[in-house]
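Read off the chains here:
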Amino acid sequence: MTGRTTRHRGTWTMEQRARDVLRELPVEVPAGTGALTVTLFYERAAGGVLDLGLLGPDGEFRGWSGGARSTYTVTGSWATPGYLPGPLAPGTWRVLLRLHRVPPQGVPYEVRAVASDRVPPEPVVAVPQPLAADARRARRRDLPEVDGARWLAGDLHAHTLHSDGGLTIDELARSAAGEGLDFLAVTDHNTVSHHPHLAAAGARQGITLLPGQEVTTDLGHANVFGDTGWIDFRAPAASWLKQAEAGGGFLSVNHPLADDCAWELPFGDRRPRHAELWHHTWGDRTDGAPLAWARAFADGALVPLGGSDFHRPEQGRPLGAPTTWALVEGADVLGALAAGRTAVSAGPDAPVLLRCGDELLALGAESTVLVRPDGSRTVVRSNRETLPAAPGPHRLETYRCEVVALCG
């Protein structure tokens, strides 16, 4: 056998999308297959967007690339980023197609799947040299310890070539270290293919890389943090939360008020404690809608997180904008985040509000106002000021009522 080709052709219509946004196309994989290559053809300029993924013969997840790729290859030893290498068991595999956008005229398409006994060589990926240790240390902020725990700076939302990002894992890690971050969550869309590579890349680049997955649907996005295994975006949101916690991780609602990907999904009887309250789309921080959403969603008990949603450098949004701070015992960053020992600032060097036991420490926040959970206000007059804390979330804002820092 040199290759067996399966083709699916047609035109997706708005009516088909209205009935079911996700479709499965069967592909027969014979015994002895060494590589499966799938290619999607359609005219992107016509306004349609089709997403790609792959399931094995028993329905097991083998990868997802959304609308970022038009082709992928899976072999026993390597796979296109976003997909999982491993045995190509004979049987009926399923190409996943999500009809993300279908214009009135429809989307003509063709899917071509080639099962070959030949394994193509794995593409060579260059690994950038890490930053010098002095360059990393120069960006680190001098913050007090709290009972032996340290405040570390991070970003909880970033993408690589494993979904729709523009950088490799090493390139992303090096960039984050250059921004003065101590940790970074890599949260590629609907895949965990990046997870096996994070520890080594983080060690090479001098930064802690946290495993994450952005569970992505048309009705809302959520980040799952931790090595929890693949979270099935086709399942109800309540099951995402249960699987995340059962796997030793936790779930956070992403950018709940962001344009066409705002949060619309129900959780049932129990809601998550965490939310990406500060996302780059919260550009006008005099807009109180995210704070109002947080109070309504979790009765004021929400753990605020921040994420840049970084995709590629040319977008002009650096990693760490905003920065999430975690009060970490030892090296357990995920434990600190899950426990809610967090603060959020506009960047690693921006004004920040930290909870230190029964006190709040406001740094770089001269001429701002501390707003407590009950709405009472205290003027901050120096660049390093200690204030009494109260239960619940606090924030700093300027005289324009622009939020400049959050404290969980």
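Residue indices begin from 1 for each chain and proceed along its sequence in written order. Selection of residues for local features in this predicted model requires a pLDDT of at least 70, selection of side-chain atom pairs for listing and counting requires 80 or more, and totals for whole chains, interfaces and linings are taken over all residues. With hydrogens and water stripped out, all remaining heavy atoms of the structure feed into the side-chain values.

(A) Molecular detail of unusual backbone geometry. Following Ala321, the chain continues to Pro322 via a peptide bond in cis, the omega torsion being 10 degrees. Think of it this way: any DSSP run of H or I at least four residues long counts as a helix, any run of E at least two long counts as a strand, and we number them from the N terminus. Position of Pro322 among the secondary structure elements: in the loop between β15 (303-307) and β16 (323-328). In this structure, Asp259 takes a positive phi of about 45 degrees despite not being glycine. For every residue, the accessible area obtained with a 1.4 Å probe (protein chains only) is divided by the maximum for its type, and the residue is called buried under 20%, exposed over 50%, and partly exposed between those limits. For Asp259, a relative accessible area of 68% corresponds to the exposed category. Backbone geometry at Ser367 places phi at a positive 65 degrees, although glycine is not the residue there. Along the chain, Ser367 turns up in the loop between β19 (359-363) and β20 (368-371).

(B) Structural detail: the sheet that holds strand β22 (residues 384-388). Across the sheet, three strands lie side by side as β18-β19-β22; this open sheet has antiparallel pairing. Both outer strands of the open sheet, β18 (352-356) and β22, are each paired with one neighbouring strand and no more. The sheet shows a mean angle of 25 degrees between the axes of neighbouring strands, taken without regard to direction. Two elements, β18 and β19, share five bridges in a ladder whose sense is antiparallel. The residue of β19 that forms the bridge with Cys356 is Glu359. If DSSP finds at least two bridges between two strands, the strands pair. Simply put, an axis is a line fit to the C-alpha atoms, just over the touching stretch for a helix, and the angle between two N-to-C directions goes from 0 to 180 degrees.

(C) Structural view of the sheet that holds strand β1 (residues 4-12). Across the sheet, four strands lie side by side as β1-β8-β3-β6; this open sheet has antiparallel pairing. Strand pairing shows two members of the sheet lacking a second neighbour, β1 and β6 (71-75), which therefore form its edges. Here the average twist between neighbouring strands, direction ignored, is 10 degrees. Sheet topology places strand β3 (residues 35-42) next to β6; five bridges connect them, and they run antiparallel. Opposite Val38, over in β6, you have Tyr72 as the bridge partner.

(D) Layout of the pattern of salt bridges. For salt bridges, the criterion is a side-chain nitrogen of Lys or Arg within 4 Å of an Asp or Glu carboxyl oxygen. Tallied over the full model, the rule gives 15 salt bridges. Measuring nitrogen to oxygen at the nearest pair gives 2.6 Å for the salt bridge that ties Arg17 to Asp218. Of this pair, Arg17 sits in helix α1 (residues 14-19) while Asp218 sits in the loop between β11 (208-217) and β12 (220-225), and the two are 201 residues apart along the sequence. Given the relative accessible area of 25%, Asp218 is considered partly exposed. Across the salt bridge formed by Glu397 and Arg395, the nearest N and O atoms sit 3.3 Å from each other. Per residue, the accessibility class of Glu397 equals that of Arg395, and both read buried. In the salt-bridge network here, residues are joined through shared partners; they are Arg7, Arg9, Glu110 and Arg112.

(E) Fine view of the side chain of Thr160. Take Thr160: it is sitting in the loop between β9 (150-155) and α3 (169-178). A distance of 3.0 Å separates a polar atom in the side chain of Thr160 from the backbone nitrogen of His162. For this analysis, a polar contact is any N or O atom pair within 3.5 Å, provided that within protein one partner can donate a hydrogen and the other can accept it, and provided that sequence-adjacent residues contribute only side-chain to side-chain pairs. For Thr160, the side chain forms a polar contact with the side chain of Asp188, separated by 2.7 Å. We call two residues in contact when some of their heavy atoms are within 4.5 Å. In contact with Thr160, other than residues within four places in its own chain, are Gly165, Leu167, Thr168, Ile169, Leu172, Val186 and Asp188.

(F) Examining the nonpolar core more closely. Core analysis: the biggest nonpolar cluster contains 34 residues, and Trp240, Leu251, Trp263, Phe267, Trp293, Leu302 and Leu406 have the highest contact counts within it. Of the residues forming this core, the biggest block, five residues, is contributed by helix α6 (residues 289-298). Those residues in contact with Trp240 that sit more than four places away from it in its chain are Val215, Thr217, Ala222, Ile231, Asp232, Phe233, Ala235, Leu251, Trp263 and Leu265. We call a set of buried residues a nonpolar core when its members are Ala, Val, Leu, Ile, Met, Phe, Trp, Tyr or Cys and they connect through side-chain atoms within 4.5 Å of each other. Counting 28 residues, the second-largest nonpolar core is a separate cluster that includes Ile169, Leu198, Leu319 and Trp325.

(G) Representation of the packing of α3 against helix α4 (residues 195-205). Two numbers describe how α3 lies on α4: the axes approach to 9 Å, and their chain directions differ by 45 degrees. Between α3 and α4, the crossing angle belongs to the class labelled oblique. Every pair of crossing elements has a handedness; the one defined by α3 and α4 is right-handed. Residues Ile169, Asp170, Ala173, Arg174 and Ala177 of α3 touch α4, and the partners they reach there are His197, Leu198, Ala201, Arg204 and Gln205. Angle categories are assigned with fixed cut-offs, so that under 35 degrees is roughly parallel, over 145 is roughly antiparallel, 65 to 115 is roughly perpendicular, and the rest are oblique. Should the near helix be turned anticlockwise from the far one by less than a right angle, the crossing is termed left-handed; should it be turned clockwise, right-handed.

(H) Layout of the packing of aromatic side chains. For Phe, Tyr and Trp, where Trp contributes only its six-membered ring, two rings pair if their centres lie within 6.5 Å, and the inter-plane angle classes them as stacked under 30 degrees, edge-to-face over 60, or tilted in between. Applying the stated criterion across every chain, the model contains ten aromatic pairs. Where Phe61 meets Trp230, the ring centres are 4.2 Å apart and the plane angle is 15 degrees; that geometry is what we call stacked. In this pair, Phe61 sits in strand β5 (residues 61-66) while Trp230 sits in the loop between β12 and α5 (237-246), placing the two residues 169 residues apart along the sequence. Judged by relative accessible area, Trp230 falls into the buried class, the value being 16%. Arranged with centres 4.8 Å apart and planes meeting at 55 degrees, the rings of Trp64 and Phe233 form a pair that is tilted. Of the two residues, Trp64 sits in strand β5 while Phe233 sits in the loop between β12 and α5, which places them 169 residues apart along the sequence. Summarising the burial analysis for this pair, Trp64 and Phe233 share the class buried.

(I) Structural detail: α4. Along α4, the residues that are buried comprise His195, Leu198, Ala201, Gly202 and Gln205. Viewed end-on, α4 has its buried residues packed into an arc of 105 degrees, placing them on one side of the element. Residues of α4 that are exposed and point over 90 degrees away from its buried face: Pro196, Ala199 and Ala203. Gly206 sits one or two residues past α4 and shows a positive phi near 75 degrees. The arc refers to the directions leading from the helix axis to the C-beta atoms.

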